[in-house]
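What the coordinates show
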Amino acid sequence: MSTLADTSVEPGLDPDFESEMTSGSFTRTTQFLIVVGAVALGALSWLPGGSVNWARWIVVSLVAFIALTYVTSRMIESQRQATDRLATAVVTSAFLVVLLPLVSVVWTVIERGSNRFDRAFFTETMRGVFGDIPGGAYHAIIGTLIVTALTAVLSVPFGLFTAIYLVEYSSKRSRFARAVQALVDVMTGIPSIVAGLFAYAFFVFLDDVPGMTVLSTGVGHRSGLAGAVALTLLMTPVVIRASEEMLRLVPNELREASYALGVPKWKTVVKVVLPTAIAGILTGIVLAVARVIGETAPLLVTVGLAQGVNWNPFEGRMTTLSVYTYYQYVQPGVPPEVGQDRAWAAALVLVIIVGVLFTIARILSSILQPKGLK
C-alpha cells in the first residue's frame, strides 16, 4: 500500500504533460535578445533605399519579433507554450501599433510647439501683428477657458441629472426613458458642424423673440455663449453616457442597505450612489471636456475670430485655441513659418490644458472617493 501511495500521481496531472511544460526556460534575457534581433532585422530594411524608413522599420521589426518569439519558444519549450507566447506577441504588437500614432502626434506637437513656447506667446495678442512680429495667443487662451467653462456649466448638470433619472428613477419599460436613450444615442453621433449651425440658427431666431434681443444681434451673430451652446450639444450626451455607466456599476446592495435603514431615495442617491461613482463620473466629465475643447467647425460658425481679448461671452466675437490654430496654419502670413509656429504652440497649449484637467480630475476623484473603496 505504501509503494502504491508513493508512486501515485496527483489527480488531474499528467506526468508527460508536466515534463513537457518544464522542458525549457524562456528567460528575460532570451526575450531581450529577441527584441534586439527583431530591431536589427528591421534596420536591415534600410539597405534598399539607403535611408531610414520608419514605417518599414517598424513593420519589419514587429513581424520579426512575432516570428522569433514563436520559433525560439518552440525550440526550448513545448508547443503549448510556444502557441501561448505567439498569441502574447501578436497582442503586444497590436498594442504597439495602436500606441505609435499617439506617441508620434504628442512628440510632433511638443517638438514643433516648443519653438514659440515663450513669454510673448502667453501675454500678447494678435492685434496689430503683421509680418515677422511674433504675436501671441493670450486672447485665444482666455476665450477657450471662458467658452469651455460655460459649456461645462450648461452640460454637466443636465447630463448628470439625466443619467440619474435613467438609472435611479425611470422604469426599463418606460417609453419616455427609451426615447431619451435613443435621443442620446443620436446626439452622440451628430456632426459638430450641425451643432454649430443649430446654435447659430437658434440665436438668429432669438432676435425675433421679444425680450431676447439682448442675447442676439440677428443674422451674423457671433458670441462666446453661442459657441458654448453648440459645444453643449456635443458634450451633454458624452456626460450622460459616462455618468450612466458609472451609476450602473454601483452595487444594488448599497442602495438596498440604505433603503433598509429608512433613508429616502433622493438622499440615497446623494449620500451613497454619487459618492461611490464620483471617480468615474469626474473622469467621464473630463473626457467630455477633452471631446469639445478642440472642436473647430462649430466655433467658426458661432464664435468667429477676434484679434484681441473679449471678456464678455454674451457679446462680440471671441477666439479659441482651436480656431486660432486653424487660421494660423491656413493663413500664416508672410513669412509663413511665423504663423505656423504659433499654430503648433497653440496645439501644444491645448494638449497641456487637457492633461492638467485630467490630472485634477484624478486627484479630486481620489480625494472624494469613499474610504472603503480606496
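Refer to the structure presented above.
Remember, it's a predicted structure, so these values are computed and weren't measured experimentally.

On to the overall build of the protein chain. A tally of helices and strands in the protein chain yields 15 helices and zero strands. In the protein chain, which comprises 374 residues, the proportion classed as buried is 38%. Taking the contacts inside the protein chain whose residues are at least 6 apart along the sequence as the reference set, 69% of them involve residues at least 24 apart. Carbon and sulfur atoms make up 68% of the accessible area of the protein chain, which totals about 21400 Å².

Once that is clear, we can look at the nonpolar core. Counting 28 residues, the largest nonpolar core has Ile-164, Leu-231, Met-235, Leu-247, Leu-274, Ile-281 and Ile-285 as the members making the most contacts within it. Looking at this core, the elements that each hand over two or more residues are helix H7 (138-169), helix H10 (224-248) and helix H12 (265-293). Here this core gets nine residues from one element, more than from any other, and that element is H12.

Another aspect to go through is H10. In a regular helix each residue adds 1.5 Å, so 25 residues correspond to 36 Å; H10 covers 35 Å between its end C-alpha atoms and thus fits that length. Counting buried positions over the 25 residues of H10 gives 18, a clear majority of the element.

As a further point, take the packing of aromatic side chains. Following the criterion strictly, the structure yields seven aromatic pairs and no others. Judged by centre distance (6.4 Å) and plane angle (15°), the rings of Phe-198 and Phe-202 are stacked. Residue Phe-198 and its partner Phe-202 are both found in helix H9 (residues 192-206); the two are separated by four residues, about one turn of the helix. You can call Phe-198 partly exposed: its relative accessible area is 47%. The residue whose ring lies beneath Lys-265 is Tyr-169, and the NZ or CZ to ring-centre distance is 5.4 Å.

Bringing helix H3 (residues 28-43) into the picture now. Here H3 spans 23 Å end to end across 16 residues, near enough to the 22 Å set by a 1.5 Å rise per residue. When we look at burial in H3, the residues that qualify are Thr-30, Ile-34, Ala-38 and Gly-42. Axial view of H3: buried residues confined to an arc of 115°, hence all on one face. Exposed and oriented more than 90 degrees from the buried face of H3 are Arg-28, Thr-29, Phe-32 and Leu-33. Where the residues of H3 are buried, they touch helix H4 (54-76).

With that settled, consider the packing of H7 against helix H8 (residues 175-188). Running from N to C, H7 and H8 cross one another at 135°; their axes reach a closest spacing of 11 Å. Classified by the angle their axes make, H7 and H8 are oblique. Seen along the crossing, H7 lies across H8 with a hand that is left-handed. On H8, the residues touching Thr-162, Tyr-165 and Leu-166 of H7 are Phe-176, Ala-177, Val-180 and Gln-181. Looking at the contact of H7 with H8, its residues break down into five nonpolar, two polar and no charged.

Reading the values: rules and limits
Note on numbering: residues in each chain are counted from 1, in written sequence order. Where totals are concerned, whole chains, interfaces and linings use all residues; where local detail is concerned, this predicted model gives features only for residues with pLDDT of at least 70, and gives and counts side-chain atom pairs only at 80 or more. To obtain the side-chain values, all non-hydrogen atoms of the structure were used and water was disregarded. Strands are runs of DSSP state E lasting at least 2 residues, helices are runs of H or I lasting at least 4, and numbering of each runs from the N terminus. Under the scheme applied here, a residue whose accessible area is under 20% of the maximum for its type counts as buried, over 50% as exposed, and between as partly exposed, the area being computed with a 1.4 Å probe on protein chains only. Note on contacts: a residue pair is in contact if any heavy atoms of the two residues lie within 4.5 Å. A 1.4 Å probe and the Shrake-Rupley method give the accessible areas. Residues count as covered only by the protein chains that appear here. The set of buried Ala, Val, Leu, Ile, Met, Phe, Trp, Tyr and Cys residues whose side-chain atoms join them within 4.5 Å is what this entry labels a nonpolar core. Expected helix span is given by 1.5 Å per residue-to-residue step, counting one fewer step than there are residues. Centre distance within 6.5 Å is the pairing criterion for rings of Phe, Tyr and Trp, where only the six-membered ring of Trp is used; planes under 30 degrees apart are then read as stacked, over 60 as edge-to-face, and the remainder as tilted. We call a charge positioned above a ring when the Lys NZ or Arg CZ atom is no farther than 6 Å from the ring centre and deviates by at most 35 degrees from the ring normal. In this description, one arc is meant: the one made by directions from the helix axis to the C-beta atoms. Only the contacting stretch of a helix is used when fitting its axis, a line to C-alpha atoms as for every element, and angles between N-to-C directions run 0 to 180 degrees. We call two directions roughly parallel when the angle between them is under 35 degrees, roughly antiparallel when it is over 145, roughly perpendicular when it lies between 65 and 115, and oblique otherwise. Should the near helix be turned anticlockwise from the far one by less than a right angle, the crossing is termed left-handed; should it be turned clockwise, right-handed. In this classification, the charged set is Asp, Glu, Lys and Arg, the nonpolar set is Ala, Val, Leu, Ile, Met, Phe, Trp, Tyr, Cys and Pro, and all remaining amino acids, among them Gly, are polar.

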